[in-house]
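# Architecture and fold: a report
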Amino acid sequence: MIWFREYNVQEINGRPKNHIGALLDIEFMEIGEDFVTARMPVNERTHQPYGILHGGASVVLAETLGSVASSMVIDWDKYIGVGLEVNANHLRPVKSGYVTGICKSLHIGGKTHVWDIKIYNDKGKMNCISRLTVAIIPRPQ
């Protein structure tokens, strides 16, 4: 297991709701030995003007997954993780339903983490692939 301690999805979903992930109804679904998954509805809040999933919403899902994963790897009392770089390739449009992201580590170092996030539509087809780099910094006092 790569996590600092054992976590469950109820604990992660129960975190404060004053952030963009909650605004877009991102819900964590599973925590495995080396991965975490979350889903997001595709609806009027996540659409772009043409009625398909906004690429920025996919990036929010990816960064939420990777940021939470980084926070699960580090000691919260000593460190925080902050996004350093995110990129995404949008592969196919999604009009409705849910998209589900699967986040796995590519690198877990003392100062940086790199996460691979693949996002799939309800039919299991990948619609976005993203990579997030997180800087690990001392917790401000």
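Residues numbered from 1 in each chain as written. Predicted model: local features only at pLDDT ≥ 70, side-chain atom pairs only at ≥ 80, totals over all residues. Heavy atoms only, no water.

Our focus in this paragraph is the pattern of salt bridges. Tallied over the full model, the rule gives four salt bridges. The salt bridge involving E11 is made with R5; its shortest N-O contact spans 2.4 Å. Among the residues examined, R5 registers a relative accessible area of 35% and is labelled partly exposed. D25 is paired through a salt bridge with R45; the nearest N and O atoms lie 2.5 Å apart. In this pair, D25 sits in the loop between α2 (20–23) and β1 (27–31) while R45 sits in the loop between β2 (35–42) and α3 (55–73), placing the two residues 20 residues apart along the sequence. Residue class for D25 comes out partly exposed when judged on its relative accessible area of 40%. A residue is classified by how much of its surface remains accessible, and R45, at 40% relative accessible area, is partly exposed. (Salt bridge = Lys/Arg side-chain N within 4 Å of Asp/Glu carboxyl O. Buried < 20%, exposed > 50% of the residue type's maximum accessible area, 1.4 Å probe, protein only. Helix = DSSP H or I, 4+ residues; strand = E, 2+ residues; numbered from the N terminus.)

Counting through the fold element by element, C128 comes out in strand β6 (residues 126–138). Sequence spacing of C128 and S67 is 61 residues, and the spatial spacing of their C-alpha atoms is 17 Å. Setting aside chain neighbours within four positions, we find C128 in contact with S58, A88, N89, H90, L91, I117, K118 and I119. (Contact = heavy atoms within 4.5 Å.)

A few words now on the layout of surface pockets. Of the voids in this model, the largest pocket is the one considered here, and its volume is about 290 Å³. Sorting the residues of the lining of the largest pocket by element identifies α1 (9–13) and α3 as the ones contributing at least two each. Ranked by the residues each element gives to the lining of the largest pocket, the list is headed by α3, at six residues. Residues belonging to the lining of the largest pocket are distributed by class as follows: three nonpolar, five polar and three charged. (1 Å grid on protein atoms, 1.4 Å probe; cavity = no way out; pocket = protein on both sides within 12 Å on 5 of 7 lines; lining within 4 Å. Points joined across faces, edges and corners; volume = space filled by probe spheres on them. Nonpolar A, V, L, I, M, F, W, Y, C, P; charged D, E, K, R; others polar.)

Looking now at the pairing of strand β5 (residues 112–120). Strand residues, when the strand is regular, have side chains that alternate between the two faces of the sheet. Relative to β5, strand β4 (residues 97–108) runs antiparallel, the two being bridged by eight bridges. Residue pairing for β5: S105 is matched across the bridge by W115. Linking β4 to β5, which pair antiparallel, is a turn of three residues. Relative to β6, β5 runs antiparallel, the two being bridged by nine bridges. Along β6, the bridge assignment pairs I119 with C128. Connecting β5 to the next strand, β6, in antiparallel fashion are five residues, including G124 with a positive phi near 80°. (Pairing = 2+ DSSP bridges.)

By size, the foremost hydrophobic cluster in this structure holds 32 residues, and its most contacted members are F28, M40, L61, L65, V99, W115 and I117. The greatest single-element share of this core, amounting to nine residues, is contributed by α3. The residues contacting F28, other than those within four sequence positions of it, are V9, I12, N13, R15, V36, T37, A38, T64, L65 and V68. (Core = buried A, V, L, I, M, F, W, Y, C linked by side-chain atoms within 4.5 Å.)

Alignment of β1 against β2, held across four bridges, turns out to be antiparallel. Within β2, the residue paired with I31 across the bridge is V36.

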